[in-house]
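This is what each chain is made of:
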Amino acid sequence: MESVQATKQRFGIIGNDPKLNRAIEKAIQVSPTDISVLVTGESGVGKESVPKIIHALSHRKHGKYIAVNCGAIPSELMESEFFGHKKGSFTGATQDKEGFFQAAHEGTLFLDEVADLPLAMQVKLLRAIQEKAVRPVGGESEISIDVRLMSATHKQLSREVASGAFRDDLFYRINVIDIEVPALKNRRDDIPVLARYLLDKVAAENDAGE
């Protein structure tokens, strides 16, 4: 099993804070499994690094890694984007299109900002996870999928569940393992290390440009 230090070097992660190291160690430990992982932490802390580490160290590493920003997809296009569509299923559907789940078959699907999914889409996502199959928009049959699902959010999903904004059954499906990425403000000893790294990087770029 790869060490924490080797993983940080491999993925360009700077810092030695124990909380950061624990998050990476947890990612390494769960990588050989197909357990669903929820990555939490404030915006800008680098949550996307965790699923990349897990995918790269998993048996799915030769499959595709598909990352999706759930907050950037218009609600009316979500079903088509996630599950694909058949030609002629709606205006503008000029050809068959595979969705994120089909594209990530035998690989990893990472849903960033999963809390931004509308409730109607949460129901369909839950069914896809449970059945391990999707039905393209306009399709007559389901397509089996083999995908490892990972998610991330800067929101506290337990509060979203309590308020009714996020389904509790979906929450428990995607939150089998929770990995929290600490903010830089909570690992102050890493600030000088990161500052030195950035200064050295800028100096090297300036030298190269001369």
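Preceding this section is the structure that the text describes.
Residues numbered from 1 in each chain as written. Predicted model: local features only at pLDDT ≥ 70, side-chain atom pairs only at ≥ 80, totals over all residues. Heavy atoms only, no water.

Trainee: Describe the pattern of salt bridges, and please don't skip the residues or the numbers.
Mentor: Taken as a whole, this structure holds 13 salt bridges when the rule is applied. We note a salt bridge from Lys124 to Glu79, for which the minimum N-O separation is 2.9 Å. Of this pair, Lys124 sits in helix H6 (residues 119–131) while Glu79 sits in helix H4 (residues 78–83); the two residues are 45 residues apart in sequence, bridging distant segments of the chain. The exposure class assigned to Glu79 is partly exposed, which follows from its relative accessible area of 28%. Measuring nitrogen to oxygen at the nearest pair gives 3.5 Å for the salt bridge that ties Asp200 to Arg196. Taken as a pair, Asp200 and Arg196 lie in helix H9 (residues 190–209) at a separation of four residues, close to a single helical turn. What emerges from the salt-bridge pattern is a single network uniting Asp34, Arg60 and Asp146. (Salt bridge = Lys/Arg side-chain N within 4 Å of Asp/Glu carboxyl O. Helix = DSSP H or I, 4+ residues; strand = E, 2+ residues; numbered from the N terminus. Buried < 20%, exposed > 50% of the residue type's maximum accessible area, 1.4 Å probe, protein only.)

Trainee: Explain the side chain of Thr108 residue by residue, including any values.
Mentor: Within the secondary structure layout, Thr108 lies in strand E3 (residues 107–112). Within the local environment of Thr108, its side chain forms a polar contact with the side chain of His55, the two groups lying 2.7 Å apart. Those residues in contact with Thr108, other than ones at most four positions away along the chain, are His55, Arg60, Lys64, Tyr65, Ile66, Arg148 and Met150. (Polar contact = N/O pair within 3.5 Å; in protein donor to acceptor, adjacent residues only side chain to side chain. Contact = heavy atoms within 4.5 Å.)

Trainee: Tell me about the packing of aromatic side chains, and please be specific about residues and values.
Mentor: In total, this model carries five aromatic pairs according to the counting rule given. Their ring planes at 20 degrees and their centres at 6.5 Å tell us that Tyr65 and Phe110 sit as a pair that is stacked. In this pair, Tyr65 sits in strand E2 (residues 65–69) while Phe110 sits in strand E3, placing the two residues 45 residues apart along the sequence. Overall, Tyr65 belongs to the partly exposed group, its relative accessible area being 23%. Ring-pair connections join several aromatic residues into one group, and the members of that group are Phe82, Phe83, Phe100 and Phe101. (Phe/Tyr/Trp six-rings, centres within 6.5 Å; stacked < 30°, edge-to-face > 60°.)

Trainee: Kindly report on the nonpolar core, identifying the contributing residues and their values.
Mentor: Counting residues in hydrophobic clusters, the biggest one holds 30 residues, and the most contacted among them are Phe82, Phe101, Leu109, Leu111 and Ile174. Taken together, the elements giving at least two residues each to this core come down to E2, H4, helix H5 (100–103), E3, H6 and helix H8 (168–174). Top contributing element to this core by residue count: H6, with five residues. Setting aside chain neighbours within four positions, we find Phe82 in contact with Val68, Cys70, Ile73, Gly99, Phe100, Phe101, Gln102, Leu111, Leu117 and Met121. Within the second largest apolar cluster, 20 residues are counted, among which are Ile53, Phe110, Val181 and Ala183. (Core = buried A, V, L, I, M, F, W, Y, C linked by side-chain atoms within 4.5 Å.)

Trainee: Could you give an account of the packing of helix H1 (residues 4–11) against helix H3 (residues 49–56), with specific residues and numbers?
Mentor: Between H1 and H3, the shortest axis-to-axis distance is 11 Å and the interhelical angle comes to 110 degrees. In terms of their interaxial angle, H1 and H3 are classed as roughly perpendicular. Remark: the crossing between H1 and H3 carries right-handed chirality. Counting all contacts with H1, which are made through Thr7, Arg10 and Phe11, the residues of H3 involved are Lys52, Ile53 and Ala56. For the contact of H1 with H3, a count of residues per class yields three nonpolar, one polar and two charged. (Axes fitted to C-alpha atoms, helices over the stretch in contact; angles between N-to-C directions. Parallel < 35°, antiparallel > 145°, perpendicular 65-115°, else oblique. Left-handed = near helix turned anticlockwise from the far one by under 90°. Nonpolar A, V, L, I, M, F, W, Y, C, P; charged D, E, K, R; others polar.)

Trainee: Explain the packing of H1 against helix H2 (residues 18–30) to me, using residue names and the numbers behind them.
Mentor: Look at H1 against H2: their axes get within 10 Å of each other, and the N-to-C directions meet at 95 degrees. In terms of orientation, H1 and H2 fall into the roughly perpendicular class. Touching Val4, Gln5, Thr7 and Lys8 of H1 are Asn21, Ile24, Glu25 and Ile28, all from H2. Class assignment of the residues belonging to the contact of H1 with H2 gives a composition of three nonpolar, three polar and two charged.

Trainee: Before we move on, could you go through the pairing of E2 and cite the residues and values that matter?
Mentor: The alternating pattern of E2 places Ile66 and Val68 on a buried face and Tyr65, Ala67 and Asn69 on a face that is not buried. Pairing analysis gives five bridges linking E2 to E3, with the strands arranged parallel. From the neighbouring strand, Asn69 faces E3, where its bridge partner is Asp112. (Pairing = 2+ DSSP bridges.)

Trainee: Lay out H6 with the relevant residues and their values.
Mentor: For H6, with 13 residues, the first-to-last C-alpha span of 19 Å sits near the 18 Å given by 1.5 Å per residue. Within the span of H6, buried status applies to Met121, Gln122, Leu125, Leu126, Ala128 and Ile129. The buried residues of H6 all sit within an arc of 160 degrees when viewed along its axis, so they share a single face. Residues of H6 that are buried sit in contact with H4, H5, E3, strand E4 (133–134), strand E6 (147–153) and H8. (Expected span 1.5 Å × (residues − 1). Arc of directions from axis to C-beta.)

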